[in-house]
Amino acid sequence: VVGNAQGWNSRVWTGMSGTTQERYDALFANLTNNTAPTSTSLVSSGLLIAKTALSNNYGQTATGYLRTSEAGNYIFWANADDAVGLRIYDTNGVKIMEISDLSSGTMDNWSNGAKSTGVYLEANTDYRFEAAFVELTGDEYFQLGYNKLAGTYVTSVTSSGGTSTAGEEVTK
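Now for a quick tour of the structure. Computed from a predicted structure; not experimentally measured.

A few words on unusual backbone geometry. Note the cis peptide between Asp81 and Asp82, where omega equals 25°. Here Asp82 shows up in the loop between strand S4 (72–81) and strand S5 (83–89). Notably, Asn34 is not glycine yet its phi reads approximately 55°, a positive angle. One can find Asn34 in the loop between helix H1 (20–33) and strand S2 (39–43).

Set out below in structure tokens:
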């Protein structure tokens, strides 16, 4: 899975309030309504939502395109403290997959997060994605992962404590 040629569009909204669900819904509504964020950036490296120096009460989204090199059924995971979600759209703009983890999970414990059913993706086709991360207070991290159903590894995206790593292989 790769981002588009220019990278991923990152948007941050600070000063968020409400429940985790309300903040999560607000992030996707902000994307739909083109609500002006506090800050934006273009992330040109890796599979990640760019990490900010913010620590509490913010939300961040990443939008772009993903492309698989092999056609097949893929499973996606989401795991976070406090919340993370991922949506994927087909070439006609129809949502084909959505997962979310709206509870504080345990980092690197994929069984605590959300998992999609198999989603068939064509090879070398651009699929639009939207990812959202919500931080209330305290510790913060998110993880997104995927693998082909026949695969033995989860390729993950992890962000924690001010650092981000991309493309890790985690034995599943």
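Moving on, we come to the packing of aromatic side chains. Under the counting rule described, the total for this entry stands at three aromatic pairs. Arranged with centres 5.1 Å apart and planes meeting at 80°, the rings of Tyr24 and Phe28 form a pair that is edge-to-face. Residue Tyr24 and its partner Phe28 are located together in helix H1, separated by four residues, close to a single helical turn. Assigned by exposure class, Tyr24 and Phe28 land together as buried. Between Tyr58 and Phe133, the ring centres sit 6.1 Å apart and the planes meet at 70°, which makes this aromatic pair edge-to-face. Of this pair, Tyr58 sits in strand S3 (residues 58–66) while Phe133 sits in strand S9 (residues 127–135), and the two are 75 residues apart along the sequence. On the basis of relative accessible area, Tyr58 is assigned to the buried category, the value being 0%.

Inspection of every chain in the model, using the stated rule, returns five salt bridges. With a shortest N-O distance of 3.0 Å, Arg87 and Glu98 are connected by a salt bridge. Taken together, the positions of Arg87 in strand S5 and Glu98 in strand S6 (residues 95–101) put the pair 11 residues apart, joining distant regions of the chain. By relative accessible area, which is 15% here, Arg87 ends up buried. Residue classification places Glu98 among the partly exposed residues on the basis of a relative accessible area of 34%.

Conventions used here
Residues numbered from 1 in each chain as written. Predicted model: local features only at pLDDT ≥ 70, side-chain atom pairs only at ≥ 80, totals over all residues. Heavy atoms only, no water. Helix = DSSP H or I, 4+ residues; strand = E, 2+ residues; numbered from the N terminus. Phe/Tyr/Trp six-rings, centres within 6.5 Å; stacked < 30°, edge-to-face > 60°. Buried < 20%, exposed > 50% of the residue type's maximum accessible area, 1.4 Å probe, protein only. Salt bridge = Lys/Arg side-chain N within 4 Å of Asp/Glu carboxyl O.

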